[in-house]
Amino acid sequence: MKDRKLLNIELGRISADEYRNSRPESGVVLVLDNIRSAHNVGSAFRTADAFGVDKVYLGGICPVPPSPELRKVALGAEEVVPFEHVSDVVSLVKRLQADGYKVIAVEQTIHSVKLDAFRREPSARYALVFGNEVEGVQQAVVDACDCALEIPQKGTKHSLNVSVSIGVTLWGIR
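Note that the structure is a prediction, hence the values are computed from the model and not measured.

Regarding the overall build of the chain
A count of helices and strands for the chain gives six helices and seven strands. Seen in sequence order, the chain has helices and strands lined up from the N terminus as α-β-α-β-α-β-α-β-β-β-α-β-α. Radius of gyration (C-alpha) of the chain: 16 Å, near the 16 Å computed for a compact globule of 174 residues. In terms of principal-axis extent, the alpha carbons of the chain reach across some 45 × 40 × 35 Å. For the chain, with 174 residues in total, the buried portion stands at 44%. Taking as baseline every contact in the chain between residues at least 6 positions apart, the subset at least 24 positions apart corresponds to 81%. Of the roughly 10200 Å² of accessible surface on the chain, 53% is carried by carbon and sulfur atoms.

This is the structure:
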């Protein structure tokens, strides 16, 4: 197979201003629950941009833009994806539910639904909650969510890096 990579100018990318002013709502927001690494938060912004996520909520100890470490990975996505910092993620979950979102903890629980079995309702809006690199989603947050979604895994490890989990989950529910 002979193939050529596309040049950046051939990708048809729009400017940050065009993106901010023209992007349709996806019906998906991300909630980051106490993610401590600026690199993981930056990756979340970059992935949110790639999948057209409507907003990123930064809960608790999450680094918040502007941050050189976050920007190093986000590559400017933090300037086009709307975000909000909240101190209390449980209160945010309740607010999102009141606004009509189905709030889903991406976490391994006794009743979690496997990502490959999840069926997105076309008109539903979803808030996907991702947790701390060590502790995962806080139990109080899991308790407040509508359900939990789990990425099926094989092998000896029981988790993925949170930034990888965000990409896998967004791809899986698209």
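Here the narrative resumes, following the displayed structure.
A few points about the sheet that holds strand 7 (residues 147–150)
As summarised here, the arrangement of the seven strands in space is 3-2-1-6-4-7-5, forming an open sheet in which the pairing is parallel. This sheet does not close on itself; its edge strands, each paired only once, are strand 3 (83–86) and strand 5 (113–114). Note that strand 2 (residues 55–59) and strand 3 share four bridges and pair parallel. Paired with L58 across the bridge in strand 3 is H85. Packed on one face of the sheet, helix 4 (residues 89–98) meets strand 1 (28–33), strand 2, strand 3, strand 4 (101–106) and strand 6 (125–131) and runs near 145 degrees to strand 4.

Quick look at the packing of aromatic side chains
Counted under the stated rule, the structure contains two aromatic pairs. Residues F45 and F83 carry aromatic rings whose centres are separated by 5.7 Å and whose planes lie at 90 degrees to one another, so their mutual orientation is edge-to-face. Here F45 is found in helix 2 (residues 38–51), whereas its partner F83 is found in strand 3, with 38 residues between them in sequence. F45 sits in the buried class, given a relative accessible area of 0%. Taking relative accessible area as the criterion, F83 reaches 31% and is therefore assigned partly exposed. Seen from their ring centres, F118 and Y126 are 5.7 Å apart, and the 75 degrees between their planes marks the pair as edge-to-face. The burial state of F118 is the same as that of Y126; both residues are buried. The aromatic ring of W171 is capped on one face by R174, whose charged end is 3.5 Å from the ring centroid.

Quick notes on the side chain of S163
You can see S163 is positioned in helix 6 (residues 162–173). Owing to a relative accessible area of 15%, S163 belongs among the buried residues under this scheme. In this structure the side chain of S163 is engaged in a polar contact, spanning 2.5 Å, whose partner is the side chain of N161. Excluding residues within four positions of it along the chain, S163 makes contact with N40 and S43.

Definitions and cut-offs
Residues numbered from 1 in each chain as written. Predicted model: local features only at pLDDT ≥ 70, side-chain atom pairs only at ≥ 80, totals over all residues. Heavy atoms only, no water. Helix = DSSP H or I, 4+ residues; strand = E, 2+ residues; numbered from the N terminus. Rg over C-alpha atoms; globule rule 2.2 N^0.38 Å. Buried < 20%, exposed > 50% of the residue type's maximum accessible area, 1.4 Å probe, protein only. Contact = heavy atoms within 4.5 Å. Areas by Shrake-Rupley, 256 points an atom, 1.4 Å probe, with all protein chains shown as cover. Pairing = 2+ DSSP bridges. Axes fitted to C-alpha atoms, helices over the stretch in contact; angles between N-to-C directions. Phe/Tyr/Trp six-rings, centres within 6.5 Å; stacked < 30°, edge-to-face > 60°. Lys NZ or Arg CZ within 6 Å of the ring centre and 35° of its normal. Polar contact = N/O pair within 3.5 Å; in protein donor to acceptor, adjacent residues only side chain to side chain.

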